[in-house]
Amino acid sequence: MRWTRGTRSDDVEDRRGESGGGGFGRMRLGIGGFLVLLVLSLVFKKNFFALVGGGVPSGGPSASVGGPAAPGPATESAAESERYDFVNFVIKDVQDTWTTVLPAAGHSYERAKLVLFRDQISSACGFAESATGPFYCPGDHKVYLDLGFFDELSSRFGAPGDFAQAYVIAHEVGHHVQYLLGTEQQVRQAQKERPDLENELSVRMELQADCYAGVWGFAAARKGELDPDDAEEGLNAAAAIGDDRLQKAARGSVNPESFTHGTSRQRATWFRKGLESGSPAACDTFRARSL
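Report follows, based on the coordinates.

Procedures and definitions
- Residues numbered from 1 in each chain as written.
- Predicted model: local features only at pLDDT ≥ 70, side-chain atom pairs only at ≥ 80, totals over all residues.
- Heavy atoms only, no water.
- Disulfide = S-S within 2.5 Å.
- Helix = DSSP H or I, 4+ residues; strand = E, 2+ residues; numbered from the N terminus.
- Buried < 20%, exposed > 50% of the residue type's maximum accessible area, 1.4 Å probe, protein only.
- Axes fitted to C-alpha atoms, helices over the stretch in contact; angles between N-to-C directions.
- Parallel < 35°, antiparallel > 145°, perpendicular 65-115°, else oblique.
- Left-handed = near helix turned anticlockwise from the far one by under 90°.
- Contact = heavy atoms within 4.5 Å.
- Core = buried A, V, L, I, M, F, W, Y, C linked by side-chain atoms within 4.5 Å.
- 1 Å grid on protein atoms, 1.4 Å probe; cavity = no way out; pocket = protein on both sides within 12 Å on 5 of 7 lines; lining within 4 Å.
- Points joined across faces, edges and corners; volume = space filled by probe spheres on them.
- Pairing = 2+ DSSP bridges.

1. Observations regarding the state of the cysteines
So, point 1. Counted according to the given criterion, the structure contains two disulfides.
So, point 2. A sulfur-sulfur distance of 2.1 Å marks the disulfide that ties Cys 125 to Cys 137. Negative torsions about the S-S bond denote left-handed disulfides, and the value of about 95° found for Cys 125 with Cys 137 makes this one right-handed. Note that Cys 125 is positioned in the loop between strand 3 (120-123) and strand 4 (126-129) and Cys 137 in strand 5 (residues 135-137), a separation of twelve residues in sequence.
So, point 3. Take Cys 137: its relative accessible area is 0%, and that puts it in the buried class.

In structure tokens:
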């Protein structure tokens, strides 16, 4: 991906220097522990993440545990410094795209903040840890990201490359677009009224965010920001975090009824729809008969 180093954006809120404190409610959770709690939550249909003060957010974590200590200066390696530049470039570029695309579709766009943190953080949606992964919190209109997730994306999920990382950010901004359009609120209400459709509605919302990420990818390609292999990187990243693939890795079997984000094939398919069309209108997963 062709991006400009040294970019600084007002859209980034750097909270890497904060300390989340100690205690059981702030227990750090690695990827192994995350997978174990994921399996237990799926099998017993209970939120075992709450036991360690975190949650698996659909739009944000659910458990709230206090607030962070006063922030200090963030120290960083050369590699992390480059990632910081990259995140600044991507969040600015993604939101610059939506400030053009959304008004063209008859809606206004309000920029979100991207909050960088390390290990753990408190948000308007509750307390979160790195193992929760990147998430969007509708309570404060912010995207939360620990830069260490990019290592997991490459080594654990097999999705290397800068465009794969950019896809993750663009997907979370896609949730912000859903909030601005009222989609997020409508889905939450529908889930309350029809608990039997809760997972299906969640899948459709996540796939729409994938498609919205593709809409940005289309604009980035037109601006000459993508290398020849970037589209494949994005599609690979979308497929790498499909429910079927994650469940297979975690417990050796797949339970489609518990899917909340969509299969690898579905996620790649809807990302491609946005990438090829560049139009939010192509992302109506809620009217699609087949995903």
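2. Concerning the packing of helix 4 (residues 162-181) against helix 7 (residues 230-240)
So, point 1. One can describe the packing of helix 4 onto helix 7 by two numbers: an axis separation of 7 Å at closest approach and a directional angle of 55°. Classified by the angle between their axes, helix 4 and helix 7 sit oblique to one another. As helix 4 packs across helix 7, the resulting crossing turns out to be right-handed. Contacts between helix 4 and helix 7 involve Asp 162, Phe 163, Ala 164 and Tyr 167 from the first element and Asp 230, Ala 231, Glu 233, Gly 234, Ala 237 and Ala 238 from the second.

3. Section: unusual backbone geometry
So, point 1. Look at Asp 119: it is not a glycine, yet its phi comes out positive at around 70°.
So, point 2. Tracing the chain through its elements places Asp 119 in the loop between strand 2 (113-116) and strand 3.
So, point 3. Phi at His 141 takes a positive value of approximately 60°, unusual for a residue other than glycine.
So, point 4. Given a relative accessible area of 31%, His 141 falls into the partly exposed group.

4. What to know about the nonpolar core
A general feature of soluble globular proteins is that nonpolar side chains tend to end up buried together.
So, point 1. Counting residues in each nonpolar core, the largest one holds 55 residues, and the members touching the most others are Met 1, Trp 98, Leu 145 and Ile 169.
So, point 2. Of all elements in the fold, only helix 2 (78-104), strand 2, strand 6 (142-145), helix 3 (149-155), helix 4, helix 6 (198-222), helix 7 and helix 9 (264-277) reach the threshold of two or more residues within this core.
So, point 3. Dropping the residues within four chain positions of it, Trp 98 is found in contact with Pro 103, Tyr 109, Val 173, Val 177, Tyr 212, Val 215 and Pro 280.
So, point 4. Core analysis: the next-biggest nonpolar cluster, separate from the first, contains eight residues, Phe 117, Ala 128, Phe 135 and Tyr 144 among them.

5. Observations concerning the layout of surface pockets
So, point 1. Roughly 290 Å³ of internal volume is contained in the second largest pocket.
So, point 2. In terms of lining residues, the second largest pocket is bounded by 15 residues, among which Leu 181, Thr 183, Gln 208, Tyr 212 and Asp 284 are the most central.
So, point 3. Broken down by element, the lining of the second largest pocket gets its largest block of residues, three residues, from helix 5 (residues 183-193).

6. Looking at the pairing of strand 3
So, point 1. The alternating pattern of strand 3 places Gln 120 and Ser 122 on one face and Ile 121 and Ser 123 on the opposite face, and all of these are buried.
So, point 2. With four bridges connecting them, strand 3 and strand 4 associate as antiparallel partners. Residue pairing across strands places Gln 120 opposite Glu 129, the latter belonging to strand 4.
So, point 3. Hairpin geometry of strand 3 and strand 4 is characterised by an intervening segment of two residues between the two adjacent antiparallel strands.

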